[in-house]
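# Coordinates in review
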Amino acid sequence: MALDYPKVRRDASVSDDYNGTKIDDPYRWLEDPDSEETKAFVEDQNNITMPFINRCPIRTKIHDRIKEMWDFAKYSCPYKRGDRYFYYHNTGLQNQSVLYVQDSLDGEARVFLDPNKLADDGTISLSGTRFSENGQHFAYGMSKSGSDWVTIKFKDVASGEDLPDVLERVKFSSMAWTHDHLGMFYNRYPDQDGKSDGTETTSNLNQKLYYHLLKADQSQDVLCAAFPDNPKWTCGVEVSDCGRYLIATPTEGCDPVNRLFYCDLEALSDGITGLLPFVKVVDNFDAEYEYITNEGTVFTFKTNLKSPRYKLINIDLTSPQMENWTTLIEEDEKDVLDWAACVHGNRLVLCYMHHVKNVLYLHDLNTGERMKTFPLDVGTVVGYSGKKKDTEIFYQFSSFLTPGVIYRCDLTKNTLEPLVFREITVQGFNSSKFQTEQVFYESKDGTKIPMFLVHRKDMKLDSSNPVFLYGYGGFNISITPYFSVSRLIFMQHFGGILAVPNIRGGGYNLLWNLN
């Protein structure tokens, strides 16, 4: 059928210059969602789109099949806090997964927090949670209608009852408990003019770091850090594994770089009463530094300093000058270090991206030596739990054809063998009838680009099949294998092929992206 597409104004006066290349942006006016012109554009789009969709003769069948396949039980990795285990579980079609608690891994599971009940209309979701170090208190952020603005509330874990504390004006915030279990660091913004419901397009400025004591009113919270000369900074913080130090990582923008400061909390003779005396280890935006763990004054960080694929370094706070830094685990020649975690005192779990699929290793914290490679198929590690004081880890594997397998590995054993803790299945889907392959093609400049192709095994590849091509290149994010019900239906019932290339801007070809 012929479509009479609505006319859209082009503003030929808007353009940008990127390193000598002029890029026109004639529709920038659409970035203002509150303008009458933008509202009219959206209405025109809906008026032409919805009648077309509603005329689809099999729309109801597609909807029913998606609903049928999506109705499968979903689980997160269990994680231990204090003496209890917690995990998220969705029975299938719940809007949000429910947080459960167990006294042991084989103990009875009880609902700890059901976010579906936070609002009658279901518009409030969880946005960040953090247990106190002893597992006795629980902080949880609530977001309304998908907004980045968050309200933080607190629970007593044993009783499950809410505490009276409420923290407002929170956005892009840390939640870092002190190890005396009495309070928590968090970030908030000052009051601002205009709306602040998450639909505003203005920038938020002058984020500040506060310390909140349990059972105190927010007006009594202690201002711990502010950066009036740098109003665009946000400041993530984390309390070290030993509880003595507060690590701060100020950032500005979305580039993978940050400054690195620390404060010795034990050196505060009067406690946390005002602006903290941070020591500046790195006072520039040349690289990224992510805290992994520490042994006394020796801190381990993940960094991309002169290592775009990342490495682990040690910094001793007694001599923190850069010339005294040492490398614990060198940058890999090909693979990107996605994340690292310390577990069982002196073990490191390292997850790398190898040709846009994850590999998982166990290393020694003291020497950096690789101790074990965990078996993984072609896919992605989508979940992990395990802290320095834990003796076990859980990790969850997923792929284009696997909704999820959760493994548990007991690190106290002489032979480290991960065992299947829980396997997630989808009714009516037989993964053995499909296949995933990875091919490489050349970009314009000759760079080899990986692409996943997923389709039925019995399909004849003769260029007559519909293809769903999806690519994303931004914010250093790579599209690794993931499970999608809607795309499986496209492959299963419409003879389709899913193609996922990893284009410039993702994290896989870092040097290509930087160049």
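An account of the accompanying structure is given in this report.

Thresholds applied
- Sequence order as written defines the numbering, with residues in each chain counted from 1.
- Per-residue local features of the predicted model are confined to residues with pLDDT of at least 70, and side-chain atom pairs are confined, for both listing and counting, to 80 or more; whole-chain, interface and lining totals are unaffected and use all residues.
- Side-chain figures throughout are based on the complete set of non-hydrogen atoms in the structure, without hydrogens or water.
- A helix here means a DSSP run of H or I that spans at least four residues, while a strand means a run of E at least two residues long, and both kinds are numbered starting from the N terminus.
- Only C-alpha atoms enter the radius of gyration, while the globule expectation follows 2.2 Å times N to the 0.38, with N the number of residues.
- For every residue, the accessible area (1.4 Å probe, protein chains only) is compared with the maximum for its type, and the residue is labelled buried under 20%, exposed over 50%, or partly exposed between those bounds.
- Every residue pair with non-hydrogen atoms within 4.5 Å of one another is taken to be in contact.
- We call a pair of cysteine sulfur atoms a disulfide whenever their separation is within 2.5 Å.
- Between any two strands, pairing holds if DSSP finds at least two bridges.
- For helices, the axis comes from a line fit to the C-alpha atoms of the stretch in contact; other axes are also lines fit to C-alpha atoms, and the angle between any two N-to-C directions lies between 0 and 180 degrees.
- Identification of polar contacts relies on pairs of N or O atoms within 3.5 Å, with a donor-acceptor requirement for protein atoms, meaning one able to donate a hydrogen and the other able to accept it, and with residues adjacent in sequence counted only if both atoms are side-chain atoms.
- As used in this record, nonpolar core signifies buried Ala, Val, Leu, Ile, Met, Phe, Trp, Tyr and Cys residues forming a set joined through side-chain atoms within 4.5 Å.
- Whenever Lys or Arg places a side-chain nitrogen within 4 Å of a carboxyl oxygen from Asp or Glu, that contact is recorded as a salt bridge.
- Two rings belonging to Phe, Tyr or Trp (six-membered ring only in the last case) form a pair when the distance between their centres is within 6.5 Å. Interplanar angles under 30 degrees mark stacking, angles over 60 mark edge-to-face geometry, and anything in between is tilted.
- Only residues whose relative accessible area exceeds 30% and that form no salt bridge enter a patch; like-charged residues are grouped when within 9 Å of one another, and nonpolar side chains (Val, Leu, Ile, Met, Phe, Trp, Tyr) when within 5 Å.
- Accessible areas in this description were obtained via Shrake-Rupley with a 1.4 Å probe; residue shielding takes into account the shown protein chains only.

What follows deals with the overall build of the protein chain. Of regular secondary structure, the protein chain possesses four helices and 34 strands. Compactness check: the protein chain gives a C-alpha radius of gyration of 25 Å against a globular reference of 24 Å for 515 residues, within 12% of the reference. The principal-axis extent of the C-alpha atoms belonging to the protein chain is close to 75 × 60 × 55 Å. Burial analysis of the protein chain (515 residues in total) assigns 46% to the buried set. Pairs at least 24 residues apart make up 44% of the contacts formed inside the protein chain by residues separated by at least 6 positions.

Okay, the state of the cysteines next. Evaluation of the coordinates by the stated rule reveals zero disulfides. Summary of cysteine pairing: Cys235 is not part of a disulfide, and the nearest cysteine sulfur, belonging to Cys224, is at 10 Å.

Read from one edge of the open sheet, four strands run S15-S16-S17-S18, paired in antiparallel fashion. Each edge of the sheet is formed by a strand with only one pairing partner; in this case those strands are strand S15 (234-239) and strand S18 (279-282). Each neighbouring strand pair of the sheet contributes to a mean axis angle of 25 degrees, computed without reference to strand direction. Here three bridges tie strand S17 (residues 260-264) to S18, and the two strands are oriented antiparallel to one another. In the sheet register, Leu260 faces S18, and the bridge partner there is Val282.

Checked against the element boundaries, Asn90 lands in strand S5 (residues 84-90). What makes Asn90 buried here is its relative accessible area of 5%. A polar side-chain atom of Asn90 sits 2.8 Å from the main-chain amide nitrogen of Gly92. Separated by 2.9 Å, the side chain of Asn90 and the backbone oxygen of Gln94 make a polar contact. Apart from the residues within four sequence positions on either side, Asn90 is in contact with Phe72, Ala73, Lys74, Gln96 and Ser97.

Counting 36 residues, the largest nonpolar core has Leu312, Leu348, Leu350 and Phe429 as its most contacted members. Listing elements by their share of this core, those giving two or more residues are strand S22 (326-329), strand S23 (336-343), strand S24 (347-354), strand S25 (357-364), strand S32 (448-456), helix H3 (485-493) and strand S34 (497-501). Ranked by the residues each element gives to this core, the list is headed by H3, at five residues. Judged by nonpolar contacts, the second largest core, of 21 residues, contains Phe227, Trp233, Leu265 and Leu276.

On to the pattern of salt bridges. By the definition in use, this model includes 21 salt bridges. Lys39 is the partner of Glu36 in a salt bridge, and the nearest nitrogen-oxygen pair spans 3.8 Å. Pair noted here: Glu36 and Lys39 are both in helix H1 (residues 36-54), with a separation of three residues, about one helical turn. Note on Glu36: relative accessible area 61%, which makes it exposed. Lys39 sits in the partly exposed class, given a relative accessible area of 43%. In this structure, the salt-bridge partner of Glu442 is Lys448, at a minimum N-O distance of 3.5 Å. Under the relative-accessibility criterion, Glu442 is labelled exposed at 52%.

Moving on, we come to H3. Of all nine residues in H3, seven are buried, a share of seventy percent or more. Within the sequence span of H3, burial applies to Val485, Arg487, Leu488, Ile489, Phe490, Met491 and Gln492. Packed against the buried residues of H3 are helix H2 (59-70), strand S31 (434-442), S32, strand S33 (467-469) and S34. Looking one or two places after H3, you find Gly495, whose phi comes out positive at around 60 degrees.

Okay, the sheet that holds strand S12 (residues 183-188) next. Where strands meet in a sheet, backbone hydrogen bonds hold them as pairs that are either parallel or antiparallel. Spatially, the seven strands line up as an open sheet ordered S8-S9-S10-S11-S12-S13-S14, and their pairing is antiparallel. Because the sheet does not close on itself, it has two edges, and the strands there are strand S8 (124-131) and strand S14 (222-225). Across the sheet, the mean angle from the axis of one strand to that of its neighbour is 40 degrees, orientation sign disregarded. As paired strands, strand S13 (residues 208-213) and S14 are joined by three bridges and run antiparallel to one another. Looking across to S14, one finds that Tyr210 is bridged to Leu223.

Moving on, we get to the pairing of strand S11 (residues 162-177). Strand direction decides the pairing type here: strand S10 (residues 150-156) and S11, joined by four bridges, are antiparallel. Bridging from a neighbouring strand, Lys155 pairs with Asp162 of S11. Count of turn residues in the S10/S11 antiparallel hairpin: five residues, of which Gly160 carries a positive phi of about 80 degrees. With four bridges connecting them, S11 and S12 associate as antiparallel partners.

Going through the model one piece at a time under the given rule, you end up with 35 aromatic pairs. Ring centres 5.3 Å apart and planes at 75 degrees place the aromatic pair Phe394 and Phe421 in the edge-to-face group. Residue Phe394 is found in strand S28 (residues 392-398), and its partner Phe421 is found in strand S30 (residues 419-424); the two are separated by 27 residues along the sequence. You can call Phe421 partly exposed: its relative accessible area is 27%. A ring pair is formed by Phe429 and Phe434, whose centres lie 5.5 Å apart and whose planes are at 40 degrees; its orientation type is tilted.

Okay, the pairing of S23 next. Burial analysis of S23 places six of its eight residues in the buried class, the great majority of the element. Across seven bridges, the pairing between S23 and S24 is antiparallel. The residue of S24 that forms the bridge with Ala340 is Leu350. The hairpin turn running from S23 into S24, its antiparallel successor, is three residues long, and His344 in that turn takes a positive phi close to 55 degrees.

A cluster of nonpolar residues, Leu3, Met50, Phe52 and Ile53, forms a patch on the protein surface that exposes about 350 Å² of accessible area. If you trace the backbone, Ile53 turns up in helix H1. Take Ile53: its relative accessible area is 33%, and that puts it in the partly exposed class.

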